[in-house]
Amino acid sequence: VDVTEKILTQHEIVEIQSQLSNVYRELSIRTDELESVSVRHKRNAQKLGRLIEICYEIVNCNSTEEILSVLVDSGSELLEAEECVAFIWNPIEKQLHPQRSFTANGLEKLDIVKKTDGVVWRTFSENQSFFLTDNSLSEVDRRELGILPGEANVLIAVPLSDQDSQYGVALYHHSERSAFAIEDLHLLSALASHSAITMNKLFLMRELQEKALHLEKTNLELQGSQKQVVQLQKMESLGTLVGGIAHDFNNILGIILPNIDLLQLDDENYPDTVQRAGIIQEAAQRAAKLTQQLLVFSRNQELDQQPVPLNQLIRHLVAMLRRTIGKHIEIKMDLDNMIPNVLADENRLTQVIMNLAVNARDAMPKGGELKIVTRYLS
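From a predicted model like this one, the values you see are computed outputs, not experimental measurements. (Residues numbered from 1 in each chain as written. Predicted model: local features only at pLDDT ≥ 70, side-chain atom pairs only at ≥ 80, totals over all residues. Heavy atoms only, no water.)

Taken together, 5 strands build an open sheet; the order of strands is E2-E1-E5-E4-E3 and the sheet is antiparallel. The open sheet has two edge strands, strand E2 (95–101) and strand E3 (130–133), and neither has a second partner. With direction set aside, neighbouring strand axes in the sheet form an average angle of 25 degrees. One ladder, built from 6 bridges, connects strand E1 (residues 83–90) with E2; its direction is antiparallel. The residue of E2 that forms the bridge with Trp 89 is Leu 96. Against the sheet, helix H2 (residues 64–79) touches E1, E2, strand E4 (154–161) and strand E5 (166–174), its axis set at about 65 degrees to E2. Along the sheet, helix H3 (residues 119–126) contacts E1, E2, E3, E4 and E5; its crossing angle with E5, the most-contacted strand, is approximately 140 degrees. (Pairing = 2+ DSSP bridges. Helix = DSSP H or I, 4+ residues; strand = E, 2+ residues; numbered from the N terminus. Axes fitted to C-alpha atoms, helices over the stretch in contact; angles between N-to-C directions. Contact = heavy atoms within 4.5 Å.)

As structure tokens, this is what we get:
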């Protein structure tokens, strides 16, 4: 019997079975890979959803400290990192300071980072993210980050920066090499960039608030200056008015005083009249001094320094103040008789004492005691 065809068929069957076995094996491998990719995509999708929630938390932060807290704590939970440290740039010292850590004692083994070849400084200076495993860690990195030699590690370092400003570096660490994936680097880069943008907005808001306060203060000062200008204009107008009145009054006194002198020449025939003329003359002379004070008030005059008996001047002023300052103010004098004459402009010295008395009166609206004291200090 010829079995050649049967044997060929059996060989074809065996070959087909072998091919089917290879296809099944390939399908199993592809299925496992797809399941692995599906799990990884699902995990990345969950992380992306959590990242969006964290970004919303950062947007609602009101200070840089709150932003760093969310960045470190929530970022570590997002990657299941064992440690995270935020280094903040000090522009004055030109150094990176470890500011916030995920663990309670995370900052104890860290020092200030200056310009080095380590990953922290390179991340900041180059404004670039880094994914480092144990094999790519340098001795500088181990020393700056407190990692023991031979210890397996994986690091992700991302810059805290936006287009205009750089604020520091965020560094995430795990002791298992397979703990982080390259997708985690992109997630953390987006989180760090969003944190920097929010920090920049807070700084801008703070600057705007400070400028608003400065503008408000400047506006208040301007209003005060405007009031002072108005007051000065009023005082200038008042000075002009007072000067005109004093000038006219002085002209009147210029008529009265010479006629009093003429009346006093006839003292033999009219002694009583001459006596009364003397009283009028004394009053007119006081009025003349008053007009001189008004003229000093109305315009700037050159100093006329003369020896002035200070106590006598105060006594004359107190007599006038008692009539003008008000009955609710009691005026007392404690004058040192040993005081010699002082070299001063009598009109301006009178104005100074009058101003002091008026200010004291204004400070005691309900009444009180005004005491004028002079002392000679040898």
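With that settled, consider the pattern of salt bridges. What the rule picks out here adds up to 8 salt bridges. With a shortest N-O distance of 3.1 Å, Lys 332 and Glu 369 are connected by a salt bridge. Residue Lys 332 is found in strand E7 (residues 329–334), and its partner Glu 369 is found in strand E9 (residues 368–373); the two are separated by 37 residues along the sequence. By relative accessible area, which is 41% here, Glu 369 ends up partly exposed. Notably, a salt bridge pairs Arg 361 with Asp 362, separated by 3.2 Å at the nearest N-O pair. For Arg 361, a relative accessible area of 28% translates into the label partly exposed. On the basis of relative accessible area, Asp 362 is assigned to the partly exposed category, the value being 49%. (Salt bridge = Lys/Arg side-chain N within 4 Å of Asp/Glu carboxyl O. Buried < 20%, exposed > 50% of the residue type's maximum accessible area, 1.4 Å probe, protein only.)

So, about unusual backbone geometry. Of note, Glu 80 is a non-glycine position whose phi angle comes to about 55 degrees, a positive value. Within the element layout of this structure, Glu 80 appears in the loop between H2 and E1. A relative accessible area of 63% places Glu 80 in the exposed class. Positive phi outside glycine occurs at Lys 94, with the angle close to 55 degrees. Within the element layout of this structure, Lys 94 appears in the loop between E1 and E2. Judged by relative accessible area, which is 55%, Lys 94 ranks as exposed.

With that out of the way, let us pick up the side chain of Asp 184. Residue placement: Asp 184 occurs in helix H5 (residues 182–264). Since its relative accessible area comes to 0%, Asp 184 is described here as buried. Here Asp 184 is in contact with Arg 43, Lys 47, Leu 79, Ile 156 and Ala 179, once residues within four sequence places are set aside.

On to the packing of H2 against H5, then. H5 packs onto H2 with a crossing angle of 170 degrees between their chain directions and a minimal axis gap of 10 Å. Classed by the angle they form, the pair H2 and H5 counts as roughly antiparallel. Side by side, H2 and H5 meet where Thr 64, Ile 67, Leu 71, Gly 75 and Leu 79 of the first sit next to Asp 184, Leu 188, Leu 191, Ala 192, Ser 195, Thr 198, Met 199, Leu 202 and Phe 203 of the second. Along the lines of polarity and charge, the residues of the contact of H2 with H5 split into 9 nonpolar, 4 polar and 1 charged. (Parallel < 35°, antiparallel > 145°, perpendicular 65-115°, else oblique. Nonpolar A, V, L, I, M, F, W, Y, C, P; charged D, E, K, R; others polar.)

For the protein, the average pLDDT comes to 82, and 92% of its residues sit at 70 or higher. When the elements of the protein are averaged for pLDDT, helix H6 (residues 271–298) gives the smallest value, 75, and E9 the largest, 93. (pLDDT = per-residue confidence, 0-100.)

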